[in-house]
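Each chain, written out:
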Amino acid sequence: MAPLMPQAPHKDDLNETWMFLENGINNVMVKLEDGVDMKNYMALYTAVHNFCTSHKAVSGQALQSQRGAHLLGEELYRKLGEYLSRHLEWVYNESTGHTEEALLSFYIREWQRYTTAAKYINHLFRYLNRHWVKREIDEGKKNVYDVYTQHLVKWKEDFFLNVHEKVMGAVLKLVEKQRNGETIEQSQIKSIVDSFVSLGLDETDPTKSTLEIYRFYFQRPFLDATRVYYEDESRQFVADNSVVEYMKKAELRLEEEKARVGLYLNNDISKDLTNTCLDVLVTAHSELLRDEFQPLLDNERQDDLARMYRLLSRIKDGLDPLRTKFEAHVRKAGLSAVEKVAAEGDSFEPKMYVDALLSVHTRYHSLVKEAFNGESEFVRSLDNACREFVNRNKICKSGSTKTPELLAKYTDSLLKKGSKAAEESELEEMLVQIMTVFKYIEDKDVFQKFYSKMLAKRLVHVSSVSDDAETSMISKLKEACGFEYTNKLQRMFQDIQISKDLNKNYEAWLPTTLLDDEDRKKIVDAHFQVLGTGFWPLSAPSTSFSAPPAIIKTSEKFEQFYYGKHSGRKLTWLWQLCKGEIKANYIKNSKVPYTFQVSTYQMGILLLFNESDTLTYSDLQKTTSLNPEILDPNLSILLKAKVLTISPEGSKPKPDSTFSLNYNFKNKKIKVNLNIQIKSEQKVETDDTHKTIEEDRKLLLQSAIVRIMKSRKKMKHVQLVQEVIHQVKSRFPPQVPDIKKNIEALMEKDYIERLDGDEISYIA
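It should be emphasised that the depicted structure is a prediction, and the values quoted were computed from it without experimental measurement.

J.: How would you explain the overall build of the protein chain if you had to name every residue and give the values?
T.: For the protein chain, the count of helices and strands is 30 helices and nine strands. Taking the principal axes of the C-alpha coordinates as reference, the protein chain spans close to 150 × 65 × 60 Å. Contacts in the protein chain between residues at least 24 apart in sequence constitute 71% of all its contacts with a sequence separation of at least 6. Accessible surface computed for the protein chain: about 41,200 Å², of which carbon and sulfur atoms make up 49%. In the protein chain, which carries 109 positive and 112 negative side-chain charges, the distance between the mean positions of the two groups comes to 5 Å.

Structure, rendered in structure tokens:
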């Protein structure tokens, strides 16, 4: 049964009304758990309403009525405030008997009782809130709030400000216990945090709340305590443990503090708490961590490197020194890998060299991806290191262009038919790896020149492993360097396709021109390729050559057909690139005749032995018209294969030598390949390629200078040099003296002229 309320007060008697209200308010404040009788509650509500409106019945004047109500509201508001102060004084006195966790329990219990009562009391004074409080606030009166907020203000002023230090001390001891591994009542801290947040009031707008109380009285001491705790712990831990163990500990602590925010702290602290922990755990020990970077790299401790990256990436400029060390380490590893290949002497295969470059890139690319999260600045450090050791190393010394040359040769070996041909999927992967090295090459024009020469040979000799592989490689180069870089390569493919159609038409035309069987026998079964001079990197033959009659007859027939279709064109026969097969019907004890795969020069030599078993050196030279530089190596190949024998026996071909057909020739294969490139020819080809590169560079520089000057008209000499470097560097790194030399050359040709003040002008 609810206690009986005193008799309702006279509505215009302040003291009587307040005594009536105080009794009811006190029941709500301290005995709420016993329940609230609705009849009594409504009596309290009515008493407030009646008191605030009582003056209206006394005075008939509106102005006086408003003022009276104003004064009455103010008295009631003041009385309530005085009651709350007395109550909170009692609460404070009660709190002094509690410490640490017991104090927290007391604080939370009283806070919950007080704020719940505040909601009820706020409802009782709703009329006061709607009228007197609203008017006061609207008129800009300070320190007036709605009744619920008044409760919070009083709690803050009369209780909170007296106990916050003790309360925070208890909170921080609890947190320290948890950090030390003990189990605590987390909900207590959460309740304290919520109460501190609730006390934040915006003084300019009482309807809004702020986090100022929480930040000043909770967040600040919490962060200070956190800093002290981790300074002590990290100092001790570093003294007793390895750097790797410390990193594990630091990472664990950072995770714990991040979780702590979600468990019982306000999100507002998250950034400052993280920064405090990072400052103490990482920044303060950053030098120690960085000193461990090199040993971890040397021992390829990927997980520990990843941990170091995660920690140092979270502080300002934490990773910069690591990137510099990483770049130097990769460069050193690349140079070391190349030195091992260089130790083989000149005998190493291009594959060995390219594999050495790739192995270093692959290893550290994987490290950047896994340990450093593929971070762009570490990728740049890797790229800088790779560019350095790819272009300047023991094999490719400064100023040398050996890397692009060897890469082109390795690409050729992959794309050429052979016993070690890779599967299609493997080949595609290898081409991707080639492009990885190609990306770092500075002298891309050198690769282009060697690659195009080798592609030309593969196409001419029909020795490509597949058209798809060739197309794939060209599309990769086009993607990397643009259309201009691969334009001629694509035109070479077009010529091969046109030649296929041309051969079909020739085969259809040929029978219509042959007179009889005898005439037909004089024609060799041949396949022709017509290659455009402007697109193919092929040189004219380095020797004169009198082709065998059968070949001459066949070539004349094709010329007759071709000139009939294309008037005004000229065909030049590239005998050094021609090849064929001849059958050896003369060999004793051979059930199946051998087939010799030969160059046209070798064919010219061997067919002479149809007329005679033995010929002198001078006979061969006179009949074939070949230079000794070409004749001698080809004779040596035929001697080594034992197709021919020499007299005197064991000697090298010279003017007084005699050569005979070997009737006792034997070989395990029925088809014998004698068409082997001569080493001296290879060297001449390489030298010629380098000469054409120099010539091409000169033309490229001059065309860039003219193009720039044509668009700018006038330019300072230094600016022109810089612009040329910018335009040309994607093809090769131009040297300033070479640019200056070509500027002078263009002045002599009257393309440009020098003006006063180191300025250059374009001559239209």
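J.: Outline the packing of helix α25 (residues 600–607) against helix α27 (residues 628–640), listing residues and values.
T.: Axis separation between α25 and α27 bottoms out at 10 Å; the angle between their running directions is 70°. Judged by the angle between their axes, α25 and α27 are roughly perpendicular. Contacts from Y601, Q602, I605 and L606 in α25 reach I630, L631, N634, L635, I637 and L638 in α27.

J.: So what about the sheet that holds strand β9 (residues 759–762)? Which residues, and what values?
T.: Across the sheet, which stays open at both edges, the three strands sit in the order β7-β9-β8 with antiparallel pairing between neighbours. At either end of the open sheet lies a strand with only one pairing partner, and these are β7 (714–716) and β8 (752–755). Between one strand and the next, the sheet's axes are offset by a mean angle of 30°, whatever the strand orientation. Sheet strands touched by helix α30 (residues 736–748): β8 and β9. Its angle to β8, the strand with the most contacts, is close to 105°.

J.: Explain the layout of surface pockets to me, and be specific about the residues and the numbers.
T.: Summary: where empty space remains is shown by rolling a probe the size of a single water molecule over the atoms. For the second largest pocket, the calculated volume is near 650 Å³. Looking at the second largest pocket, it is lined by 26 residues, and the ones nearest its centre are Q448, K449, K488, D696 and R731. For the lining of the second largest pocket, the elements supplying multiple residues, two or more each, are α20 (444–460), α22 (483–509) and α28 (679–712). No other element matches α28, which puts seven residues into the lining of the second largest pocket. Each residue belonging to the lining of the second largest pocket can be placed in one class, and the counts come to 10 nonpolar, seven polar and nine charged.

J.: Got a sec to walk through the packing of aromatic side chains? Specific residues and values, please.
T.: Under the defined criterion, the tally for this structure stands at 42 aromatic pairs. Ring geometry for Y309 versus F378: centroids 6.1 Å apart, planes at 70°, classification edge-to-face. With Y309 in helix α14 (residues 302–312) and F378 in helix α17 (residues 376–391), the pair connects residues that are 69 residues apart, well separated along the chain. Judged by centre distance (5.3 Å) and plane angle (70°), the ring pair of Y506 and F558 falls under edge-to-face. Taken together, the residues Y506 in helix α22 and F558 in helix α24 (residues 549–565) connect sequence positions 52 residues apart. Given a relative accessible area of 3%, Y506 falls into the buried group. A residue is classified by how much of its surface remains accessible, and F558, at 2% relative accessible area, is buried. Aromatic rings pair up to connect Y506, W509, F528, F545, F558, F561, Y562, Y563, W573, W575 and Y601 into one cluster. The positively charged end of R458 is found above the aromatic ring belonging to Y451, 5.5 Å away from the centroid.

J.: Explain empty space enclosed by the protein to me, and be specific about the residues and the numbers.
T.: Counting across every chain of the model gives one cavity of 30 Å³ or more. Lining the largest cavity are L357, L358, H361, C386, V390, T436, V437 and Y440. Of all the elements in the fold, those that place two or more residues in the lining of the largest cavity are α16 (350–371), α17 and α19 (424–440). Tallied by class, the residues present in the lining of the largest cavity amount to six nonpolar, two polar and no charged.

J.: Explain α30 to me, and be specific about the residues and the numbers.
T.: Its 13 residues place the ends of α30 19 Å apart at the C-alpha level, agreeing with the 18 Å of an ideal helix rising 1.5 Å per residue. Along α30, the positions that sit buried rather than exposed are I739, N742, I743, L746 and M747. Take α30 and look down its axis: the buried residues cluster within an arc of 150°, on one side only. Pointing more than 90 degrees away from the buried face of α30 are the exposed residues P737, K741 and E748. D750 sits one or two positions beyond α30 and adopts a positive phi of about 65°.

J.: Provide a residue-level description of the pattern of salt bridges, including the pertinent values.
T.: Per the counting criterion, the structure on display carries 48 salt bridges. With a closest N to O distance of 3.0 Å, R179 and E257 form a salt bridge. Of the two residues, R179 is situated in helix α7 (residues 147–179) and E257 in helix α10 (residues 243–264); the sequence distance between them amounts to 78 residues. For R179, a relative accessible area of 6% gives the class buried. The salt bridge involving R331 is made with E327; its shortest N-O contact spans 3.9 Å. Of the two residues, R331 and E327 both sit in helix α15 (residues 320–342), four residues apart, roughly one turn of that helix. R331 sits in the partly exposed class, given a relative accessible area of 29%. What emerges from the salt-bridge pattern is a single network uniting E251, R301, D304, R307 and R310.

J.: Please set out helix α26 (residues 617–624) residue by residue, giving values where relevant.
T.: Turning to α26, its buried residues are Y617, L620 and T624. Viewed end-on, α26 has its buried residues packed into an arc of 70°, placing them on one side of the element. On its buried face, α26 sits against α25, β3 (614–616), α27 and β5 (658–661). Just downstream of α26 lies S625, where phi reads positive at about 65°.

J.: If you had to explain the sheet that holds strand β6 (residues 671–673) to someone new, which residues and values would you point to?
T.: Pairing is mixed across the open sheet formed by three strands, whose spatial order is β1-β2-β6. The sheet terminates laterally at β1 (579–584) and β6, the two strands that pair on one side only. For this sheet, the mean angle separating the axes of adjacent strands, direction not counted, is 25°. Note: strand β2 (residues 594–599) against β6, three bridges, orientation parallel. Residue pairing across strands places Q597 opposite N673, the latter belonging to β6. Contacting β1 and β2, α25 crosses the sheet at an angle of about 125° to β2.

Rules used in this analysis
- Residues numbered from 1 in each chain as written.
- Predicted model: local features only at pLDDT ≥ 70, side-chain atom pairs only at ≥ 80, totals over all residues.
- Heavy atoms only, no water.
- Helix = DSSP H or I, 4+ residues; strand = E, 2+ residues; numbered from the N terminus.
- Contact = heavy atoms within 4.5 Å.
- Areas by Shrake-Rupley, 256 points an atom, 1.4 Å probe, with all protein chains shown as cover.
- Lys, Arg positive; Asp, Glu negative; His and termini not counted.
- Charge placed at Lys NZ, Arg CZ, Asp CG, Glu CD.
- Axes fitted to C-alpha atoms, helices over the stretch in contact; angles between N-to-C directions.
- Parallel < 35°, antiparallel > 145°, perpendicular 65-115°, else oblique.
- Pairing = 2+ DSSP bridges.
- 1 Å grid on protein atoms, 1.4 Å probe; cavity = no way out; pocket = protein on both sides within 12 Å on 5 of 7 lines; lining within 4 Å.
- Points joined across faces, edges and corners; volume = space filled by probe spheres on them.
- Nonpolar A, V, L, I, M, F, W, Y, C, P; charged D, E, K, R; others polar.
- Phe/Tyr/Trp six-rings, centres within 6.5 Å; stacked < 30°, edge-to-face > 60°.
- Buried < 20%, exposed > 50% of the residue type's maximum accessible area, 1.4 Å probe, protein only.
- Lys NZ or Arg CZ within 6 Å of the ring centre and 35° of its normal.
- Expected span 1.5 Å × (residues − 1).
- Arc of directions from axis to C-beta.
- Salt bridge = Lys/Arg side-chain N within 4 Å of Asp/Glu carboxyl O.

Function cannot be inferred from these measures alone, as they are strictly geometric.
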